[in-house]
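# Coordinate inspection notes
What follows is each chain in one-letter form.
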Amino acid sequence: MRLYHMGVIMNPKKIRRLMRKYDLICPIRKTNPYRQLAKALRTNVVSDNILNRDFLGQGERRVLLTDITYLHIGSEFCYLSVILDAFTRQLLSYVLSESLEVDFVLETVNQLIEKHGQSLDSSTLIHSDQGCHYTSVSFRKLIEDKGLRQSMSRKGNCWDNAPQESFFGHMKDELAKKMESWDCFEKVKEDIDDWIDYYNNERGQWHLQKLSPNEYYEYITTGINPLTMKN
């Protein structure tokens with residue numbers, strides 16, 4: 001608009017390219033994309049907090065936690081949707097997206113079913129906050145179609161999904177140095193893929209008997225402790 005008032009007619013896409021090239025930032029705050037999306041997806045349907053913070057009492061593949069986090073790419077964002085097994089702390093599925101549209105959250109569920117569907121049943125609970133993605137008609141229908149139960153945290157209560165919040169916190173702490181150099185979506189995806197592979201297969205946790213999440217799942221399902229076998 002400023003250029004237009006100066007008599008300069010230029011395509012907005014070209015303006016954005018020039019801004020990126022010369023590292024120019026508009027001082028006017030952008031509309032929050034999440035608020036726009038929330039208006040489009042909002043429903044009045046909120047599931048009960050069936051989980052009630054019983055993260056470990058039901059065993060593996062019975063309590064799945066899901067959430068979305070924002071990741072900076074310069075002055076822009078990308079979005080990571082994940083599903084975590086509360087008992088084994090395994091990251092079962094994840095999708096990184098450049099858009100906040102609900103599709104990438106649905107894809108996370110479809111990926112879960114494709115990879116781990118055989119270990120889930122009608123008692124499996126998928127727990128989230130009350131974000132617009134999880135109250136949307138498309139998400140609720142997908143959960144129902146896949147034979148899973150839905151549970152939601154109380155409004156504004158992060159403790160109701162504490163292990164998921166903790167996961168994001170550890171991930172961002174451990175990727176802090178790399179996050180400073182993120183300048184494109186491809187670089188973010190490469191680093192996220194590498195870290196999640198490390199997290200699931202190599203990163204031991206004290207409360208998992210010093211095993212990584214995948215090793216711990218192997219241990220509780222087979223009775224064989226991978227750490228003992230290595231030693």
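Residues numbered from 1 in each chain as written. Predicted model: local features only at pLDDT ≥ 70, side-chain atom pairs only at ≥ 80, totals over all residues. Heavy atoms only, no water.

Let's shift gears to the overall build of the chain. What the chain contains, in helices and strands, is 11 helices and five strands. With respect to the three principal axes, the spread of C-alpha positions in the chain is 75 × 45 × 30 Å. For the chain, buried positions account for 41% of its 231 residues. Of all intrachain contacts in the chain linking residues separated by at least 6 positions in sequence, the fraction that spans at least 24 positions is 62%. For the chain, the accessible area works out to roughly 14000 Å², and carbon and sulfur atoms hold 51% of it. The average position of the 31 basic charges and that of the 31 acidic charges among the side chains of the chain differ by 8 Å. (Helix = DSSP H or I, 4+ residues; strand = E, 2+ residues; numbered from the N terminus. Buried < 20%, exposed > 50% of the residue type's maximum accessible area, 1.4 Å probe, protein only. Contact = heavy atoms within 4.5 Å. Areas by Shrake-Rupley, 256 points an atom, 1.4 Å probe, with all protein chains shown as cover. Lys, Arg positive; Asp, Glu negative; His and termini not counted. Charge placed at Lys NZ, Arg CZ, Asp CG, Glu CD.)

The subject of this paragraph is the sheet that holds strand S1 (residues 63-73). Ordered by their spatial adjacency, five strands build an open sheet running S3-S2-S1-S4-S5, and the pairing between neighbours is mixed. The open sheet terminates on both sides in strands that have one partner only, identified here as strand S3 (91-97) and strand S5 (149-152). Each strand of the sheet is rotated relative to its neighbour by a mean of 25°, with strand direction disregarded. One ladder, built from six bridges, connects strand S2 (residues 76-85) with S3; its direction is antiparallel. Bridging across to S3, Ser-81 finds its partner in Val-95. Here helix H4 (residues 103-116) sits on the sheet in contact with S1, S2 and S3, set at roughly 150° to S3. Along the sheet, helix H9 (residues 185-201) makes contact with S1, S2 and S3, crossing S3 at roughly 175°. (Pairing = 2+ DSSP bridges. Axes fitted to C-alpha atoms, helices over the stretch in contact; angles between N-to-C directions.)

Turning our eyes to something else, we now look at helix H6 (residues 137-145). Buried within H6 are the following residues: Phe-139, Leu-142 and Ile-143. In a view along the axis of H6, the buried residues occupy a sector of 100°, so they form one face of it. Looking at H6, the residues exposed on the side facing more than 90 degrees away from the buried face are Val-137, Glu-144 and Asp-145. Looking at the buried residues of H6, the elements they touch are H4, strand S4 (125-128), helix H5 (132-135) and S5. (Arc of directions from axis to C-beta.)

Right, let's get into the environment of Val-137. In this structure, Val-137 sits in helix H6. For the pair Val-137 and Ile-9, spaced 128 residues apart in sequence, the C-alpha separation works out to 42 Å.

Applying the stated rule across the entire model yields eight salt bridges. A salt bridge links Asp-121 to Arg-62; its shortest N-O distance comes to 3.0 Å. Here the residue Asp-121 occupies a position in the loop between H4 and S4, and Arg-62 occupies one in the loop between helix H3 (33-41) and S1, the gap between them amounting to 59 residues. For Arg-62, a relative accessible area of 21% puts it in the partly exposed group. Connected via shared salt-bridge partners are Arg-53, Arg-154 and Asp-160. (Salt bridge = Lys/Arg side-chain N within 4 Å of Asp/Glu carboxyl O.)

A cluster of basic side chains, namely Lys-13, Lys-14, Arg-16, Arg-17 and Arg-20, defines a positive patch on the protein surface. In this structure, Arg-16 sits in helix H2 (residues 12-21). Residue Arg-16 is classed as partly exposed on the basis of its relative accessible area, which comes to 48%. (Patch = residues over 30% accessible without salt bridge, like charges linked within 9 Å, V, L, I, M, F, W, Y side chains within 5 Å.)

Counting buried positions along S2 yields eight of 10 residues, so the element is predominantly enclosed. Looking at chain direction, S1 and S2 are connected through 10 bridges and run antiparallel. Paired with Leu-65 across the two strands is Leu-84, which belongs to S2. Hairpin remark: S2 followed by S3, antiparallel, with five residues in the connecting loop; positive phi at Arg-89, about 65°.

Together, Leu-18, Tyr-22 and Leu-24 make up an exposed nonpolar region whose accessible area comes to about 310 Å². Among the structural elements, Leu-18 can be located in helix H2. By relative accessible area, Leu-18 is classed as partly exposed at 32%.

This part covers the side chain of Gln-205. Here Gln-205 lies in the loop between H9 and helix H10 (213-222). Relative accessible area serves as the criterion here: at 8%, Gln-205 is assigned to the buried category. The contact partners of Gln-205, leaving out residues within four places of it in the chain, are Arg-89, Tyr-199, Lys-210, Leu-211 and Pro-213.

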